[in-house]
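# Coordinate analysis (summary)
Below, each chain spelled out in residue letters.
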Amino acid sequence: MFDDKKVLFSGMQATGNLTLGNYLGALKNWVDMCNDYMTFFCVVDQHSITIRQEPAEFRKRARNLLTLYIAAGLDPEKNCIYYQSHVLEHAELAWILNCYTYVGELQRMTQFKDKAAKHADNINAGLLTYPTLMAADILLYQADLVPVGVDQKQHIELTRNLAERFNAIYGETFTMPDIWLGKKGRKIMSLQDPERKMSKSDENPNASIYLMDDPDTVRRKFKRAVTDSIGEVRYSEEQPGISNLIDIYCSCTGKSTEECESEFRGLGYGVFKEAVGESVVSVLQPLHERFDELSKDKAYIDKIIVENADKARYYSEKTMRKVRKKIGFPERPKI
Ligand code: ATP
Ligand code: LTN
């Protein structure tokens with residue numbers, strides 16, 4: 001809690017091109033929730049270097065992601081949108097939290113095991129301590145709520161354990177954050193294999209809708225989406241492909257599952273797939289326009305970056321002054 005308002009914190013990595021899953025499962029929720037909280041939306045670029053990045057490409061992706069936050073509808077005057085690497089307190093608190101985290105706790109993390117298996121040639125210490133940096137992100141801003149996907153649940157639980165451990169040793173310092181998992185049906189699945197999550201690192205480009213896909217590409221990908229031979233637009237476990245398309249259609253149009261089922265009753269899959277494609281195009285088109293417009297205004301984005309990093313620093317410094325004092329670090333001379 002800061003200034004009598006509950007705090008919401010979330011972040012995304014600038015690795016790969018964002019998908020419709022990232023938008024419907026994360027960004028869109030952020031936009032829907034942001035008015036009720038004091039918010040911090042971070043481009044977590046320090047997390048990204050746990051995997052090798054090509055510098056020029058990395059810099060571009062991070063800026064595009066920050067721009068996309070704004071294009072999606074987060075007003076940067078009201079929401080603190082910034083780069084993690086611009087606020088040194090993230091790394092400082094991460095180091096401190098490392099000293100209160102057991103190696104066994106980190107080795108148990110599913111994401112660590114998955115990423116270590118995937119990048120066996122580069123199992124660096126950062127990959128292992130990724131969750132303590134994430135805990136630092138959240139605890140620095142005394143966040144009450146953290147909207148993330150279900151895959152991040154374990155990391156949030158660790159964050160809560162660390163907050164509790166630190167508070168037990170030094171007295172009340174950090175707010176206990178709660179996870180916010182969103183509504184049912186917000187796990188968007190691959191268009192080619194509806195048993196798997198739509199993911200930006202999928203090798204098959206037809207499996208994912210990228211936020212920057214042009215309208216014809218979007219329409220074509222939906223036309224090719226894997227369905228079944230039942231021939232009925234119905235939300236059910238036996239029809240994962242169709243159920244996923246229903247979820248997408250409902251998220252994009254605001255209609256309910258029942259409304260969608262009755263709208264397409266008796267019509268073929270072809271008609272339904274076309275409608276899903278159009279519903280996605282109508283969500284992505286304004287996003288593209290806003291993104292293009294913002295990207296052209298370099299001075300405006302630069303100003304946002306500077307102002308919001310200052311704001312983030314102000315709040316993180318507030319927490320860090322407390323933390324340093326409690327731990328017993330010598331007082332810092334005024335510079
Ligand atoms: P990667 O493929 O690189 O692991 P990803 O596409 O799974 O990435 P993340 O960067 O792990 O995405 O997640 C960013 C945010 O988007 C998280 O809050 C996550 O829960 C959400 N998200 C990612 N994929 C989906 C999806 N298919 N459906 C709903 N939400 C998603
Ligand atoms: N690990 C998260 C990204 C992330 C994050 C955070 C999310 C880093 N720090 C703090 C919420 C709060 C992911 O991969 N989705």
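Just so you know, these numbers come straight off a predicted model, no measurement behind them.

What surrounds ligand 1 is a group of 16 residues, the closest being Ile188, Lys197, Ser199, Lys200 and Ser201. Glycine 21 is positioned with one of its backbone polar atoms (N or O) 3.2 Å from a nitrogen atom of ligand 1. A distance of 2.6 Å separates an oxygen atom of ligand 1 from a polar side-chain atom of serine 201. Isolated, ligand 1 exposes 600 Å² of accessible area, and the fraction of that covered by the protein chains is 85%. The dominant element in the shell around ligand 1, judged by the number of residues it contributes, is helix 1 (residues 20-33), at four residues. Looking at side-chain class alone, the shell around ligand 1 contains five nonpolar, six polar and five charged residues.

At a closest axis distance of 9 Å, the pairing of helix 10 (residues 240-253) and helix 12 (residues 269-296) adopts a crossing angle of 40°. Put simply, helix 10 runs oblique to helix 12. Considering the relative orientation of helix 10 and helix 12, their crossing is left-handed. Judged by residue contacts, Ile242, Leu245, Ile246, Ile248, Tyr249, Cys252 and Thr253 of helix 10 engage Tyr269, Phe272, Lys273, Ala275, Val276, Ser279, Val280 and Val283 from helix 12. Looking at the contact of helix 10 with helix 12 residue by residue, the class counts come to 12 nonpolar, two polar and one charged.

A word on unusual backbone geometry. Most peptide bonds take the trans form, and the phi angle of most residues other than glycine is negative. If you check the backbone angles, glutamine 142 has positive phi at about 50° while not being a glycine. The topology assignment puts glutamine 142 in the loop between helix 7 (125-140) and strand 4 (145-147).

Residues in close proximity to ligand 2 include Phe9, Ser10, Gly11, Val44, His47, Tyr130, Met134, Asp137, Ile138, Val146, Val148 and Gln152, which together make up its full environment. In this structure, a nitrogen atom belonging to ligand 2 sits 2.9 Å away from a side-chain N or O atom of glutamine 152. Burial of ligand 2 by the surrounding chains reaches 88%, relative to a free accessible area of 370 Å². Every element with two or more residues in the shell around ligand 2 is listed here: strand 1 (7-12) and helix 7. Take the shell around ligand 2: its biggest share by element is four residues, from helix 7. Residues belonging to the shell around ligand 2 are distributed by class as follows: seven nonpolar, four polar and one charged.

As a further point, take the layout of surface pockets. Each pocket or cavity is described by its volume, and for the second largest pocket that value is around 390 Å³. Lining the second largest pocket are 11 residues, with Glu317, Arg321, Arg324, Glu331 and Arg332 sitting closest to its centre. Each residue belonging to the lining of the second largest pocket can be placed in one class, and the counts come to four nonpolar, no polar and seven charged.

With that settled, the discussion passes to empty space enclosed by the protein. Gaps left between atoms are located by rolling a probe of water-molecule size over the structure's atoms. Here the structure, examined in full by the defined rule, presents one cavity of 30 Å³ or more. If you trace the largest cavity, you find it lined by Asp213, Asp214, Pro215, Val218, Val281, Leu284, Gln285 and His288. Those elements giving two or more residues to the lining of the largest cavity turn out to be helix 9 (215-223) and helix 12. With four residues, the single largest contributor to the lining of the largest cavity is helix 12.

Burial within strand 1 is extensive, with five of its six residues counted as buried. When strand 1 meets strand 2 (residues 38-43), the two strands line up parallel, connected through six bridges. Looking across to strand 2, one finds that leucine 8 is bridged to threonine 39. In this region the chain leaves strand 1, passes through helix 1 and returns to the parallel neighbour strand 2; the handedness of that crossover is right-handed.

Rules used in this analysis
- Residues numbered from 1 in each chain as written.
- Chains lettered and ligands numbered in written order.
- Predicted model: local features only at pLDDT ≥ 70, side-chain atom pairs only at ≥ 80, totals over all residues.
- Heavy atoms only, no water.
- Near = heavy atom within 4 Å.
- Polar contact = N/O pair within 3.5 Å; in protein donor to acceptor, adjacent residues only side chain to side chain.
- Areas by Shrake-Rupley, 256 points an atom, 1.4 Å probe, with all protein chains shown as cover.
- Helix = DSSP H or I, 4+ residues; strand = E, 2+ residues; numbered from the N terminus.
- Nonpolar A, V, L, I, M, F, W, Y, C, P; charged D, E, K, R; others polar.
- Axes fitted to C-alpha atoms, helices over the stretch in contact; angles between N-to-C directions.
- Parallel < 35°, antiparallel > 145°, perpendicular 65-115°, else oblique.
- Left-handed = near helix turned anticlockwise from the far one by under 90°.
- Contact = heavy atoms within 4.5 Å.
- 1 Å grid on protein atoms, 1.4 Å probe; cavity = no way out; pocket = protein on both sides within 12 Å on 5 of 7 lines; lining within 4 Å.
- Points joined across faces, edges and corners; volume = space filled by probe spheres on them.
- Buried < 20%, exposed > 50% of the residue type's maximum accessible area, 1.4 Å probe, protein only.
- Pairing = 2+ DSSP bridges.
- Right-handed = clockwise from strand over helix to strand, strands pointing away.

Remember, this is a structural readout, not a statement about activity or role.
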